[in-house]
Amino acid sequence: MRKRTFILLIPLFFFSIIAWAQEKSVTGVVTDNSGTPVVGANVVVKNTTNGTVTDFDGRFSISNVSDQDVLVVSSIGYVTQEVTIGNQTDLDITLQEDVSQLDEVVVVAYGTQKKETVTSSLVSVDAEELTDITTPEVSSMLQGKAAGVQVAASSGSPGSTPNILIRGVASLNGSITPLWVIDGVIQHGVPVLNPNDVSNISVLKDASATALYGSRGANGVIVVTTKRAKIGSKPQVQVSTKLAVNQFNSGKFEVMNSQQLFDYHTQFANSQPWFGSELLERDTDWIEGGTKDALVRDANVSFTSATESLNLFLNMGYYSEEGTVKGNDLDRYTFRTNLDYKISEKLTIKPKLSFSFDNRDRTAQAPLYELYLNLPWDLPFDSEGNPINAQDSQDWLGRDQRNYFFDQQWNYSTSNVFNLSGNFDFEYQIVPNLSFHSTNNFTLYRSKSQSYTDPRSNAGLANGGSISDFTANRRTRLTTQMLKYNNVFNDDHAINVLAGYEYNDYEYEDFGASGNGIIAGGEILNAASETGEVSGFKNDYALQSYFLAADYDYQGKYFAKGSIRRDGASNFGLDNQYGNFFSLGLGWNIHKEDFFSSEVFNELKLRASYGSVGNRPSSLYPYQGTYRVNTQYIGTPGAILNQFGNPDLRWEKSYEANFALDTRVLNVVNLTLEYYNKDTSDLLYFVSLPDLTGFQGFWENVGGLTNKGFEAAISADIISKPDFGLNVGFNIGINRNEITELFDEQEEIPVGGKIFKIGEDANTWYIRKWLGVNSENGQPLWEVVDPDTGEKSETSDWNVATLQPLGTSSPDYIGGFNTSLRYKNLSLTSNFSFSKGGTLYNSSRELFDSDGFYSTFNQMVLADGWSRWEQPGDVATHPQAIEGGNNNSNKRSSRYLEDGSYLRLNNVTLSYSLPQNIVNKLGIGNASIYLAGDNLFTITDFTGVDPVVRGNPNDANPGLSGSVSLTYPVPRRYVLGLNVTF
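A quick note: this is a predicted structure, and the numbers were derived from the prediction, not measured.

## Re the overall build of the chain
(1) Moving on: Helix and strand counts for the chain come out as 8 helices and 52 strands.
(2) Moving on: Computed over the C-alpha atoms, the radius of gyration of the chain is 33 Å, within 12% of the 30 Å expected from 2.2 N^0.38 for a compact globule of 982 residues.
(3) Moving on: Overall, the chain is about 135 × 70 × 65 Å in size when its C-alpha atoms are taken along their principal axes.
(4) Moving on: Across the 982 residues of the chain, 51% fall into the buried class.
(5) Moving on: A fraction of 68% describes how many contacts in the chain between residues 6 or more apart in sequence connect residues 24 or more apart.

This is the structure:
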C-alpha cells in the first residue's frame, strides 16, 4: 500500500517542480509618451487579484507570475494596456493618453466640468499646445489654435500685446476684446503672465459659456489655469532655457536703392539742381543701419511638490528680448507661487502670489518709418563714423532734414512697470456635498517712465533740452464668494448648483512733470532751469454682481444647464445701473442610447444653448454731463462744457443661440461643428454734436448688430503606437456681421474711412472708388455716381469722385492647422494660421507710392505685376509720375485697399527626448532639446510689411481696424531650447 502511494505521488511531485520552475518575478517601469514616469498606475495579472501600483519613479515589481500571464496596466487619463510577460523579466511599458474628447475635464466659468456634460461652446488648449512659440505674451500663443478666434498683432516690438477677437465684432463703440480670468480672478485688461506658468487655457465663446460673467462676457472669455503639482508625484525641479535670434522681417515691402530711385526721378524729369548722375555714387541702406539680428533669452526654474495635504508650484522666470529695430529692448522678470494646503478634512487654504517687472532702460528707438523715408542719397555719417546733423548739412536732400541716427546718439527713454497680484483663497466643506469657496484678490500696477532730450540734439534746440517724468498707479480689488452643491441620486441623476456674490473695483491715477533747459547729461527734474508742463489724471469704477447656476446630468445621456447673473456697474445712472443676463443649455449623448449601434461613430453628441450677455461703454462716466476744468483765463480757473449727459443710457445686450455636434469617428477622428447667431441691441455709441452746442457729444444706445457664423474643428490620430505617432488638426471660423438699426432712424453714419450702414458689415470701407489709369494721358481715374439716377462715370478730379461703401476689412474666414509627428524619442510639430478675404487699407502707400508727390522721400519698389504709365496707350496700374504729384493720385481711395489674405507658418519645432536609461545614468528625471523657428514664412499678396499686423498701435483696438500703417513687423525667429527635470 505504501509503495502504491509513493508511486502515485511521483507525478504530483514532478508536476509541482515544473510549476515552481514556471513561476517567477517581473519588474518594470511605466512611462507616458514624453518618458515621464506614471505614478500610481495599477499593474495587475489579468483575471487575478495579484497586482501592485507603480512608485514615484514609475517602477513596479510582481511575484508569482508565469510566461503565459498577461499584465493589465491602467491609470486615469491613459488608455489601458495589456502586456504578455513571455520570457521577459524587466518590462518597459508606455501608456498612451486617453484621447476621447468627451472624457476630459475642462475649465468653465467659476469651475470645471466633464466635457461630455458641456452644453456651451468652448475650446480647451493645454500647455503642451501653447508653448510652441517663443513669446512673453500668452495671447500670442492662441493664434491659429481655436476656431473663430482671431489674433491680430499690434506690433512686433518686444513685449507688444496683440488683440484677440472672438466671433467677430459685437459692438460699434464699446469694447470688443475678451475678458481674461486667471485662476478665478477677473483681470483688468490683458494680463502680464509668464507662458511657463500656464497649465490650460479655455476660450469661452458663446453666451451660454460666458453669461455667468454677465456684462464682462460680451466679447468672449479667456480662462487661464496656472500650474499645480500632480497629486502623488514626487518633488521635481524643472529647468527650461531658450536662446533665440530675431531677424528683422519687412515682408514684401521694399524701398528703392540709389539706382532704382534715380530711374524713378528720371521718369518725371526732376527739376531740382541737385539731381544728377553723381547721386549714384551714394547708396545708403538705412534699414540695414537701423536694424539688427537680435538675441532673445528665456529661462525658467520651477519647483513642484504634492502630497495629500499640500500642493506647491513655484516658478521664477527671466525673459530678455532685444529689438530688431535698434534701441528697443525688454527685460522681464516674473515670479509665481501657488499653494494649496489642506489644514483639515474640511478646510483648505489656497494662497497665491505673482509679480512681474518689465524694464526698458535707455531705449533710443527713433520712428521706424524714418528709416524707410530717408533717401539713399543722404549720408548719415561723416568720414570718422560720427552722425551728421542734417540741419547743418549743405548736402542733405531729404525734405525733413532729419538724420535718423543724430538725435538717437543722446536722446533716450526708460520705463519700469511692476505688476503684483496676491490671493488669499480658501474652501470649506460645510457638510457632505456642500462647500463654500472664497476668492479674494488684490492687484497693484506701478509704472514709471522718463524721457530725456539732450540740448545738443535737434529736438532739444527749441527749449534747451528737457527731462520729463511720468508715474502711474492702479489698484484693483476683487472678492468672489460662492456656495457649491453637488450630488448624485440613485446613480442616475447628478446635479451641481452654484450661487455666488462678486464685487470688483478699480482706481487709477497718474502724474507727469517736465522741465526745460538742462545741461547735457542732466537726468533729474531738479537739473532743469525752468518748469515745463504738469499733468495729472484719475478715474475709477466698481461692479457688483449676484449669480446662480445649475446643471443636471441624467445617466450620462441628457444634460441641462442654466444660469442667471445680475450685474451692477458704476458706468450707468441709478435707473439703469443693473442688468440681468441668463443662459440655457441642453446636451444629448446619442452614442449612449441603447438603440445606437455604430462601428463608425464611437461618440456622438448634440448640444444647443441660448443666452444673453451685456456690454459697457469704453467711457467710465458716459451717463454724466461733464466739464473740462483744465482751463484758465488770466490765471483764473474755469470750466468748459464737454459731454452732454444721458441718464437714460442702457446696457448694450447680446442674445446668442448656438447649435453644435461633437463626434469621434473610428476612434481616430474628433470633429466639432457649430453654428451661432448673435443679435446685439441697444448698441453703445458716442454721438458727436455740432460745435455750436458747446458739447463734444453724448453717449446713446444707437441700434443693432447681428453676427452669424459657422465653425469647425477636426483632429485625427492617424497613427497612435508606442514608438510612432502622427496627429493632425484643423480649424476654421466663418463670421458675417450686419448692422440692423442705427441711431435716430438714420440709414448710415460715416465714421472716418468707414461707414455704419444698415444692411452692411460694421467694418465697411467708405472711400472713393479707384478705376485705374487713363491709358491716353496717364492720369488717375475715380468713379462718380449720380445720386439721382445711379449713373456711373469716370473723373480725374479726386474731389469730384463719389464716396461709397467698398468692401470690408472683416475676413471671409480664419483658421489654422497643425501637425505632430513622433518617432521614438524624436518629435516634429508645426502650427499654421490663415485668413482669407477682407481688405486692408495700406496707408503707408500714401507716402511711399505717391507718383511724385513726395519727391524728397524714398519710394517703394513696385510689386510684381505692377507697372507705371509712361506713354499713350500704356495699360498700367500706376499713373504717370509727376514732380509734385499727379492730380492727388495718392489721396485716400480704394487704390490702396489690398487683399489681406495670408497663410503663415507660426512655428515648427524639432525635439529630442533623451532615452530613459541615459537620464537615469545622469541622475535626472528627463531631458529634451529642441530646435524651433517662428514666423518662418508668410504667403500673401499684401504689399505692406505684415498682413497679420492689421492696424495702428494707437487704435482703440490695436490690430483690428484694418487700416495698416508702417508698423514694427513681427520678427522671424530661430530658437534653441533645453528642458531638464530633476
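## Things to note about unusual backbone geometry
(1) Moving on: Phi at Arg362 is positive, roughly 55°, even though this residue is not glycine.
(2) Moving on: Counting through the fold element by element, Arg362 comes out in strand E21 (residues 347-363).
(3) Moving on: By relative accessible area, which is 47% here, Arg362 ends up partly exposed.
(4) Moving on: Positive phi, normally seen in glycine, also occurs at Asn490, with a value near 55°.

## Quick look at the sheet that holds strand E48 (residues 897-899)
(1) Moving on: The mixed open sheet is built from 3 strands, whose spatial order is E48-E47-E51. Each edge of the sheet is formed by a strand with only one pairing partner; in this case those strands are E48 and strand E51 (963-964).
(2) Moving on: As paired elements, strand E47 (residues 839-842) and E48 share 3 bridges and run antiparallel to each other. If you follow Tyr841 over to E48, its bridge partner there is Leu897.

## Considerations on the pairing of strand E40 (residues 764-768)
(1) Moving on: The buried fraction of E40 amounts to 5 of the 5 residues, a majority that puts the element mostly inside the structure.
(2) Moving on: With 4 bridges connecting them, E40 and strand E44 (residues 803-808) associate as antiparallel partners. Directly across from Tyr766, in E44, lies its bridge partner Pro805.

## Observations concerning the environment of Asp941
(1) Moving on: By secondary structure assignment, the location of Asp941 is in the loop between strand E50 (926-940) and E51.
(2) Moving on: Overall, the relative accessible area of 60% leaves Asp941 in the exposed class.
(3) Moving on: Sequence separation between Asp941 and Val149 is 792 residues, and the spatial gap between their C-alpha atoms is 23 Å.
(4) Moving on: Excluding its chain neighbours within four sequence positions, the residues that come into contact with Asp941 are Lys252, Glu898 and Ser901.

## Quick notes on the confidence of the model for the chain
(1) Moving on: Averaged over all residues, the pLDDT of the chain equals 88, while 95% of them reach at least 70.
(2) Moving on: Per-residue pLDDT stays below 50 along residues 1-22; that stretch engages in 3 contacts with residues further than four places along the chain or on separate chains.

## Quick notes on empty space enclosed by the protein
Gaps left between atoms show up when a probe the size of a water molecule is rolled over them.
(1) Moving on: Counted according to the given criterion, the structure contains 8 cavities of 30 Å³ or more.
(2) Moving on: There is about 470 Å³ of room inside the largest cavity.
(3) Moving on: Per-class residue counts for the lining of the largest cavity are 12 nonpolar, 14 polar and 6 charged.

## So, helix H4 (residues 258-267)
(1) Moving on: If you check which residues of H4 are buried, you get Ser258, Leu261, Phe262, Tyr264 and His265. Take H4 and look down its axis: the buried residues cluster within an arc of 160°, on one side only.
(2) Moving on: The backbone nitrogen of Gln259 lies 3.2 Å from a side-chain oxygen of the residue at the head of H4, namely Asn257.
(3) Moving on: Two residues or fewer after H4 comes Ala269, characterised by a positive phi angle close to 50°.

## Concerning the sheet that holds strand E4 (residues 59-65)
(1) Moving on: The mixed open sheet is built from 3 strands, whose spatial order is E4-E1-E7. Bordering the open sheet on either side are E4 and strand E7 (90-94), each of which pairs with just one other strand. Strand-to-strand twist in this sheet, taken as the mean axis angle between neighbours without regard to direction, amounts to 25°.
(2) Moving on: Summarising the sheet, strand E1 (residues 24-31) and E7 pair through 5 bridges and their orientation is parallel. Each bridged residue has a counterpart across the sheet, and for Gly28 the counterpart in E7 is Leu91.

## Concerning the packing of aromatic side chains
(1) Moving on: One pass over the full model with this rule turns up 45 aromatic pairs.
(2) Moving on: Ring plane angle 45° and centroid distance 6.1 Å describe the contact between Trp765 and Tyr841, whose orientation is recorded as tilted. Separated by 76 residues along the polypeptide, Trp765 in strand E40 and Tyr841 in strand E47 bring together distant segments of the chain. The residues Trp765 and Tyr841 share a single accessibility class, namely buried.

## Digging into the pattern of salt bridges
(1) Moving on: For the structure shown, the criterion picks out 39 salt bridges.
(2) Moving on: Between Arg167 and Glu674 there is a salt bridge; the shortest N-O distance is 3.5 Å. In this pair, Arg167 is assigned in the loop between strand E12 (163-166) and strand E13 (179-182) and Glu674 in strand E33 (residues 669-681), connecting sequence segments 507 residues apart.
(3) Moving on: Note on Arg167: relative accessible area 2%, which makes it buried.
(4) Moving on: The class of Glu674 is buried, set by a relative accessible area of 4%.

## What about the side chain of Asn200?
(1) Moving on: Position of Asn200 relative to the elements: it lies in strand E15 (residues 198-204).
(2) Moving on: Separated by 2.8 Å, the side chains of Asn200 and Ser124 make a polar contact.
(3) Moving on: Among the polar contacts made by the side chain of Asn200, one reaches the main-chain carbonyl oxygen of Val125 at a distance of 3.4 Å.
(4) Moving on: Among all residues touching Asn200, those that are not within four sequence positions of it are Val107, Ser124, Val125, Asp126, Val223, Val224 and Thr225.

## Here's the deal with the side chain of Asn935
(1) Moving on: Inspection of the secondary structure puts Asn935 in strand E50.
(2) Moving on: Under the relative-accessibility criterion, Asn935 is labelled buried at 5%.

## Quick look at the pairing of E13
(1) Moving on: The two faces of E13 match: Leu179 and Val181 on one face and Trp180 and Ile182 on the other face are all buried.
(2) Moving on: When E13 meets strand E16 (residues 221-226), the two strands line up parallel, connected through 4 bridges. By the bridge assignment, Ile182 is partnered in E16 with Val224.
(3) Moving on: One ladder, built from 2 bridges, connects E13 with strand E14 (residues 185-186); its direction is antiparallel. Across the sheet, Ile182 pairs through a bridge with Val185, a residue of E14.
(4) Moving on: Between E13 and the antiparallel strand that follows it, E14, lie 2 residues; Asp183 among them carries a positive phi value of about 50°.

## Concerning the environment of Asp358
(1) Moving on: Take Asp358: it is sitting in strand E21.
(2) Moving on: For the pair Asp358 and Ser447, spaced 89 residues apart in sequence, the C-alpha separation works out to 9.3 Å.
(3) Moving on: Looking at Asp358, its side chain comes within polar contact range of the side chain of Arg332, at 2.7 Å.

The rules behind these values
Residues numbered from 1 in each chain as written. Predicted model: local features only at pLDDT ≥ 70, side-chain atom pairs only at ≥ 80, totals over all residues. Heavy atoms only, no water. Helix = DSSP H or I, 4+ residues; strand = E, 2+ residues; numbered from the N terminus. Rg over C-alpha atoms; globule rule 2.2 N^0.38 Å. Buried < 20%, exposed > 50% of the residue type's maximum accessible area, 1.4 Å probe, protein only. Contact = heavy atoms within 4.5 Å. Pairing = 2+ DSSP bridges. pLDDT = per-residue confidence, 0-100. 1 Å grid on protein atoms, 1.4 Å probe; cavity = no way out; pocket = protein on both sides within 12 Å on 5 of 7 lines; lining within 4 Å. Points joined across faces, edges and corners; volume = space filled by probe spheres on them. Nonpolar A, V, L, I, M, F, W, Y, C, P; charged D, E, K, R; others polar. Arc of directions from axis to C-beta. Polar contact = N/O pair within 3.5 Å; in protein donor to acceptor, adjacent residues only side chain to side chain. Axes fitted to C-alpha atoms, helices over the stretch in contact; angles between N-to-C directions. Phe/Tyr/Trp six-rings, centres within 6.5 Å; stacked < 30°, edge-to-face > 60°. Salt bridge = Lys/Arg side-chain N within 4 Å of Asp/Glu carboxyl O.

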